[in-house]
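Topology and contacts: notes
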Amino acid sequence: MNTRLTAALTLALCAFGSAHAADIKPGLWEFKSKLAMPGMPDMSAQMEMMQQQMKNLPPEARAMMEKQMAAQGVAMGSGGALQVCITPEDAKGANVYTGKTDGDCRYTNVTNSATRVKGTITCTKPKASGDFEAIIDSPTHFTSKVNMQSAEGAMTADTDARWLAADCGKIKPTAR
């Protein structure tokens, strides 16, 4: 996976990190993101293209790729969406707070309410900074918006996340 796509996935999945103002249900979640990043097509379009390419792989190669993705805590959903397994601990915790580091990103100036989390985020790989906001509609649905600035320009990610099932199936939760 190229560096820019990895950065895009990181930016979009910041949505999960920012969505803990209220309890959300643990289990399998689907994240559909619209990403605007300089010099890069929308992430959901790239994910859809990847899904089509995976369909054309020999069955054993496709199974191996799906197994590798599942071991990383990710699976392809429909229409370019990503599926992620959220543990009961992550679903219940107020995981975003000022000073928390998540991967290469650090959250600051975080404010929480029952239905909203807002704050700033600074990432080192790729080097970028900006703000985020998540709105929790219910334990099974939230939306988020991330706005970042980098040397390459402005990046935005709008994510719609919905709970699919209590059982994550073959998808393992990511280490947090």
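Residues numbered from 1 in each chain as written. Predicted model: local features only at pLDDT ≥ 70, side-chain atom pairs only at ≥ 80, totals over all residues. Heavy atoms only, no water.

Some points on the nonpolar core
- Of all hydrophobic cores here, the largest spans 14 residues; its most connected members are Ile 121, Phe 132 and Met 148.
- Trp 29, Val 84, Ile 86 and Ala 161 belong to the second largest nonpolar core, which has nine residues in total. (Core = buried A, V, L, I, M, F, W, Y, C linked by side-chain atoms within 4.5 Å. Buried < 20%, exposed > 50% of the residue type's maximum accessible area, 1.4 Å probe, protein only.)

Observations concerning the layout of surface pockets
- The computed volume of the second largest pocket comes to approximately 290 Å³.
- Forming the boundary of the second largest pocket are 15 residues, of which Glu 66, Lys 67, Ala 70, Lys 170 and Ile 171 lie nearest the centre.
- Going through the elements one at a time, α3 (59–71) and β2 (74–76) are the ones with two or more residues in the lining of the second largest pocket.
- For the lining of the second largest pocket, the element with the most residues is α3, which contributes six residues.
- Grouping the constituent residues of the lining of the second largest pocket by class yields 10 nonpolar, one polar and four charged. (1 Å grid on protein atoms, 1.4 Å probe; cavity = no way out; pocket = protein on both sides within 12 Å on 5 of 7 lines; lining within 4 Å. Points joined across faces, edges and corners; volume = space filled by probe spheres on them. Helix = DSSP H or I, 4+ residues; strand = E, 2+ residues; numbered from the N terminus. Nonpolar A, V, L, I, M, F, W, Y, C, P; charged D, E, K, R; others polar.)

What to know about the packing of aromatic side chains
- Taken as a whole and judged by the stated rule, the model has three aromatic pairs.
- Ring geometry for Tyr 107 and Phe 132: centres 5.2 Å apart, planes at 85°, overall edge-to-face. In this pair, Tyr 107 is assigned in strand β5 (residues 105–112) and Phe 132 in strand β7 (residues 127–138), connecting sequence segments 25 residues apart.
- An aromatic cluster of at least three residues, connected via ring pairs, comprises Trp 29, Phe 31 and Phe 142.
- Directly above the aromatic system of Trp 163 lies the positively charged group of Lys 25, at a separation of 3.9 Å from the ring centroid. (Phe/Tyr/Trp six-rings, centres within 6.5 Å; stacked < 30°, edge-to-face > 60°. Lys NZ or Arg CZ within 6 Å of the ring centre and 35° of its normal.)

Here's the deal with the pattern of salt bridges
- Across all of its chains, the model carries three salt bridges by this definition.
- Residue Arg 162 is joined to Glu 30 by a salt bridge in which the shortest nitrogen-to-oxygen separation is 2.9 Å. Of this pair, Arg 162 sits in strand β9 (residues 153–165) while Glu 30 sits in strand β1 (residues 27–36); the two residues are 132 residues apart in sequence, bridging distant segments of the chain.
- Using a relative accessible area of 40% as the deciding quantity, one classes Arg 162 as partly exposed.
- With a relative accessible area of 8%, Glu 30 lands in the buried category.
- Here Glu 133 and Arg 116 are joined by a salt bridge, their closest N and O atoms 2.5 Å apart. Within this pair, whereas Glu 133 is found in strand β7, its partner Arg 116 is found in strand β6 (residues 116–124), the two being separated by 17 residues in sequence. (Salt bridge = Lys/Arg side-chain N within 4 Å of Asp/Glu carboxyl O.)

From the geometry alone we can't say anything about function, so treat these as descriptive.
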